[in-house]
Amino acid sequence: MNIFNKLYCRTFQLIFKVALPLLPYKQPKILNSVDETPAVLKENNITKVFIVTDGGVRKIGLVDGLTEALSAANIEYSIYDKTMPNPTIAAVEEAREQYIAENCGAIIAVGGGSPMDLAKAVGARIARPKKSVKAMAGIMHVGKKIPLFIAVPTTAGTGSETTLAAVITDGETHRKFAINDFPLTPRYAVLDYRLTLGLPKFVTATTGMDALTHAVEAYIGRSTTKETRSYAIKAIKLVHDNLKTAYDNPTDENARQSMLYAAHYAGIAFTKSYVGYVHAVAHSLSGKYGLAHGLTCSVLLPVVLESYGKAVHKKLAVLAREIGVAEDKDSNEDASNKFIAWIYSMNDYLGIPRGFAEIKDEDIDGMSGFAAKEGNPLYPVPKLYSKKQLQQLYHKVKL
């Protein structure tokens, strides 16, 4: 990257860092069970709610506890269960039409990151009916309060129940983009571990490593605060101590609850401190090839960390010592390498591949352009990359 682009990116990032204490960040109120949601709705005079989920989550009964609680409280509901991985603009519009036709007054997202992203975008379109989804892409282009929004995660990974971002895919170009604005942060988050019991192993693995990615990228960035570093370390420790157990024993209640909080803490950390090139590249891959977000992040995390080199040695060394994979006597470089080696070993243990056969050489130029546009200047990465430098990352994970 040339010196002028570097100066622009770092100046932009510095301004954001200085402004952080002045921005209206908020955290959702925590509910421990879906049984608590009817009381919240009644407090807000909501008589009918719009539930956003996906067919798989609904089929295995993870929405049933919520709907039973609503029915017992005489609260009506309308369910949209067509959410697909990487939700599209068309899906947002379809769900919005159902919300309006059913005369709903609040939104509850039940599932992983995709239903939550879709629900946030629907809320944004309800708040700004004359503004297209694309027009709200970027930073603070919503600007109005959305309907009461409750997030119910059924996976422990995205942390979307605490973030202000919705990632949507343009179905025509297959390009992903993010809508970032404070009104999109859920008012309530239901951290009910019972909804994650028995999740398929691969989902447990990739969403758990997604939470790790959020925490690590938030920690190593240049816009951290004492608060975000603390939340990131908490999340990383919880993943280190609990992800293998949740993977090996899907019904382990303590591990499931701990992983929910790992994802939540990581979400708090990256909401303020942002992510980095792992996400920029991952978004382009999942948008182009329909790959799961958690999977792409899992594969890319150690590869991108290696590429940063000495720019992350000191910070990764801290993390390595915090979780016990390195000792005080280790140099920062050695400790950093041990942390990256631990991530590779976790991926191998969890059955996560080292790369993607889907990647085609002719697609890399376009995807790297999308990644560069997403990451620069917004993401306060340890080391800035140009479009050409980002292309190397795709080649490293191409099988």
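Residues numbered from 1 in each chain as written. Predicted model: local features only at pLDDT ≥ 70, side-chain atom pairs only at ≥ 80, totals over all residues. Heavy atoms only, no water.

### Some remarks on helix 11 (residues 293-308)
Structural remark: α-helix, 3.6 residues per turn; residues separated by three or four positions point the same way.
Argument step 1. Over its 16 residues, helix 11 runs 22 Å from end to end, which matches the ideal 22 Å to within 8%, given 1.5 Å per residue.
Argument step 2. Where helix 11 bends most, the angle comes to about 35°, and this point is L300, followed within four residues by the proline P302.
Argument step 3. In terms of burial, helix 11 is largely enclosed, as 15 of its 16 residues are buried.
Argument step 4. G309 lies just past helix 11 and shows a positive phi near 60°. (Helix = DSSP H or I, 4+ residues; strand = E, 2+ residues; numbered from the N terminus. Expected span 1.5 Å × (residues − 1). Bend = angle between axes of the 7 residues up to and from the residue. Buried < 20%, exposed > 50% of the residue type's maximum accessible area, 1.4 Å probe, protein only.)

### Quick notes on unusual backbone geometry
A negative phi angle is the norm for most residues apart from glycine, just as the trans form is the norm for most peptide bonds.
Argument step 1. In the segment running from N376 into P377, the intervening peptide bond is cis, with an omega of 10°.
Argument step 2. Checked against the element boundaries, P377 lands in the loop between helix 14 (361-375) and helix 15 (387-396).
Argument step 3. Non-glycine residue N86 carries a positive phi angle of around 60°.
Argument step 4. Take N86: it is sitting in the loop between strand 3 (76-80) and helix 5 (89-101).

### Examining helix 10 (residues 277-289)
Argument step 1. With 13 residues, helix 10 extends 18 Å from end C-alpha to end C-alpha; this agrees with the ideal 18 Å at 1.5 Å per step.
Argument step 2. Most of helix 10 sits inside the fold, with eleven of its 13 residues counted as buried.
Argument step 3. Of the residues making up helix 10, those classed as buried are Y277, V278, H279, A280, V281, A282, H283, S284, L285, S286 and G287.
Argument step 4. Next to the buried residues of helix 10 lie strand 7 (165-170), strand 8 (175-180), helix 7 (201-220), helix 11, helix 14 and helix 15. (Contact = heavy atoms within 4.5 Å.)

### Notes on the packing of helix 8 (residues 226-248) against helix 9 (residues 253-273)
Argument step 1. One way to put it is that helix 8 packs onto helix 9 with a least axis distance of 8 Å and a crossing angle of 150°. When the interaxial angle is binned, helix 8 and helix 9 end up roughly antiparallel. As for the relative orientation of helix 8 and helix 9, their crossing is left-handed in sense.
Argument step 2. Looking at the contact of helix 8 with helix 9, its residues break down into 15 nonpolar, six polar and four charged. (Axes fitted to C-alpha atoms, helices over the stretch in contact; angles between N-to-C directions. Parallel < 35°, antiparallel > 145°, perpendicular 65-115°, else oblique. Left-handed = near helix turned anticlockwise from the far one by under 90°. Nonpolar A, V, L, I, M, F, W, Y, C, P; charged D, E, K, R; others polar.)

### Description of the packing of aromatic side chains
Argument step 1. With the rule as written, the count across this model stands at eleven aromatic pairs.
Argument step 2. Aromatic pair F50 and Y99: ring centres 5.6 Å apart, planes at 90°, arrangement edge-to-face. Linking F50 in strand 2 (residues 48-52) with Y99 in helix 5, this pair joins segments that are 49 residues apart in sequence.
Argument step 3. The class of F50 is buried, set by a relative accessible area of 0%.
Argument step 4. We classify Y99 as buried; its relative accessible area is 6%.
Argument step 5. Cluster of aromatic residues (ring-pair linked, three or more members): Y8, F12, F16 and Y274. (Phe/Tyr/Trp six-rings, centres within 6.5 Å; stacked < 30°, edge-to-face > 60°.)

### Regarding the pairing of strand 2
Argument step 1. Counting buried positions over the five residues of strand 2 gives five, a clear majority of the element.
Argument step 2. Residues of strand 2 alternate between two faces, with K48, F50 and V52 on one and V49 and I51 on the opposite face, all of them buried.
Argument step 3. Direction of pairing for strand 2 relative to strand 4 (residues 106-111): parallel, over a ladder of four bridges. Residue pairing in the sheet places I51 in a bridge with I108 of strand 4. (Pairing = 2+ DSSP bridges.)

### Describing empty space enclosed by the protein
Argument step 1. Counted under the stated rule, the structure contains four cavities of 30 Å³ or more.
Argument step 2. Lining the largest cavity are F16, L23, Y25, I139, M140, L164, N180, D181, F182 and Y274.
Argument step 3. Taken together, the residues that form the lining of the largest cavity break down as eight nonpolar, one polar and one charged. (1 Å grid on protein atoms, 1.4 Å probe; cavity = no way out; pocket = protein on both sides within 12 Å on 5 of 7 lines; lining within 4 Å. Points joined across faces, edges and corners; volume = space filled by probe spheres on them.)

### Some points on the sheet that holds strand 1 (residues 29-31)
Argument step 1. Taking strand neighbours across the sheet as the criterion, the six strands line up as 1-9-6-4-2-3 in an open arrangement whose pairing is parallel. In this open sheet, the two edge strands, each paired with only one partner strand, are strand 1 and strand 3. Taking each pair of neighbouring strands and ignoring which way they run, the sheet shows an average axis angle of 25°.
Argument step 2. Relative to strand 3, helix 5 is tilted by about 160°, and along the sheet it contacts strand 2, strand 3 and strand 4.

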